[in-house]
Amino acid sequence: MTGTEHYQKLHDIIKIYLPEDVSAASITEESHLINELNINSANLVDIVLDVEDTFDIRLENEDMDQMETVKDALQIIDKKLSEA
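Below is a short write-up of the structure.

This brings us to the pattern of salt bridges. Throughout the structure, instances matching the rule amount to 4 salt bridges. Here D12 ties to K15 by a salt bridge, and the two come within 3.6 Å at their closest N and O atoms. Of this pair, D12 and K15 both sit in helix α1 (residues 3–16), separated by 3 residues, roughly a single helical turn. Between R58 and E52 there is a salt bridge, with its nearest N and O atoms 3.4 Å apart.

Next comes the structure, spelled out in structure tokens:
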């Protein structure tokens, strides 16, 4: 799976949890999940669970703490996949 495929899968996960006032078109690699995309903490946990299921990886609490932007999430996913 390529980085582009990882991004598309992550994008598809995130857009489910966007509030009504945020468009899926506004999701970029630089988007801050909480500050820009208005993802609340409960939905952030749901995103993490969906990422674990989709990519068949396990994310630890410190991974979640580091997951501030879409790019951060992609880097964590890539790191976990390379360790598998």
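The discussion continues.
The next subject is the packing of α1 against helix α4 (residues 70–83). Contact pair α1 / α4: the axes reach a minimum separation of 10 Å and the direction vectors enclose 125°. By the angle between their directions, the pair α1 and α4 is classed as oblique. Crossing of α1 over α4 shows right-handed handedness. Residues H6, Y7, L10 and I14 of α1 form the contact with α4, whose own contacting residues are V70, A73, L74, I77, D78 and L81. By residue class, the composition of the contact of α1 with α4 is 8 nonpolar, 1 polar and 1 charged.

Definitions and limits used
- Residues numbered from 1 in each chain as written.
- Predicted model: local features only at pLDDT ≥ 70, side-chain atom pairs only at ≥ 80, totals over all residues.
- Heavy atoms only, no water.
- Salt bridge = Lys/Arg side-chain N within 4 Å of Asp/Glu carboxyl O.
- Helix = DSSP H or I, 4+ residues; strand = E, 2+ residues; numbered from the N terminus.
- Axes fitted to C-alpha atoms, helices over the stretch in contact; angles between N-to-C directions.
- Parallel < 35°, antiparallel > 145°, perpendicular 65-115°, else oblique.
- Left-handed = near helix turned anticlockwise from the far one by under 90°.
- Contact = heavy atoms within 4.5 Å.
- Nonpolar A, V, L, I, M, F, W, Y, C, P; charged D, E, K, R; others polar.

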